[in-house]
Amino acid sequence: VAINDTMTVEQNNFFGMPQTYQAQSSGSGIIVGQNDTELLIATNNHVVSGAESLTVCFNDDKDAVFDAKIKGTDADNDLAVIAIKLSDISEDVLNSISVATLGDSTQMEVGDQVVAIGNALGFGQSVTSGVISALDREVTIDDTTATLMQTDAAINPGNSGGALLDLNGNVIGINAAKNASTEVEGMGFAIPISKAQ
């Protein structure tokens, strides 16, 4: 699913005066559950952190955009769960989506093929493929160190929170970050689903 959020940003303008404006960003999510009243979506904490409003779009369908609420976050592990009221979702949309099948990331091996799905650059659904390059890569982002899976599947801005799948379509990771510089190509990272659960 594609996630869009709106937040208020404050910064000084050219003259050093404080200026406030609304900023929008985008990310991705994975439908991980459904209860009697809500559809539950896992994503990264950094996708929803600071959001004043959240919307979720299914299947790149501009008529299938719904308000979402944050259910819980874990900043240390960069995880969040958001929810949409089932009563807000039309029967047609409910019939076109499903809860993801979660795999076992502890069974993955270096060299296994994977597919990354997300909302790259906010353009809508994107799919890339690659292999697992490392299983227990220690990565430090914003003073937080995590043990992540490394892949060469393209994980671009907006793919955060999206699914990293094995070739059977099971979610084995949640796309989290990429190493971005002119010297580096093909270093994306995902939170192992066995840890995220």
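Higher on the page you've got the structure.
Residues numbered from 1 in each chain as written. Predicted model: local features only at pLDDT ≥ 70, side-chain atom pairs only at ≥ 80, totals over all residues. Heavy atoms only, no water.

1. Section: the environment of S160
- Position of S160 among the secondary structure elements: in the loop between strand 10 (144–151) and strand 11 (163–165).
- In this structure S160 comes out as buried when scored by relative accessible area, which is 12%.
- Measuring from C-alpha to C-alpha, the distance between S160 and N44 comes to 6.4 Å, with 116 residues separating the pair along the chain.
- Ignoring anything within four residues of it in the chain, the contact list for S160 reads G27, S28, T43, N44, H46, V47, N175 and A176. (Helix = DSSP H or I, 4+ residues; strand = E, 2+ residues; numbered from the N terminus. Buried < 20%, exposed > 50% of the residue type's maximum accessible area, 1.4 Å probe, protein only. Contact = heavy atoms within 4.5 Å.)

2. Some points on the layout of surface pockets
- There is about 530 Å³ of room inside the largest pocket.
- As for the largest pocket, its lining consists of 26 residues, of which V1, G29, I30, I117 and Q125 are closest to the centre.
- Mapped by element, the contributors of at least two residues to the lining of the largest pocket are strand 3 (30–34), strand 8 (113–118) and strand 11.
- Classifying every residue of the lining of the largest pocket by side-chain character gives 13 nonpolar, twelve polar and one charged.
- Estimated volume of the second largest pocket: approximately 290 Å³.
- Contributing to the lining of the second largest pocket are 15 residues, with H46, A75, D78, I141 and T144 lying nearest its centre.
- Elements represented by at least two residues in the lining of the second largest pocket include exactly helix 1 (45–48), strand 9 (126–141), strand 10 and strand 12 (171–178).
- The element that contributes the greatest number of residues to the lining of the second largest pocket is strand 10, accounting for three residues. (1 Å grid on protein atoms, 1.4 Å probe; cavity = no way out; pocket = protein on both sides within 12 Å on 5 of 7 lines; lining within 4 Å. Points joined across faces, edges and corners; volume = space filled by probe spheres on them. Nonpolar A, V, L, I, M, F, W, Y, C, P; charged D, E, K, R; others polar.)

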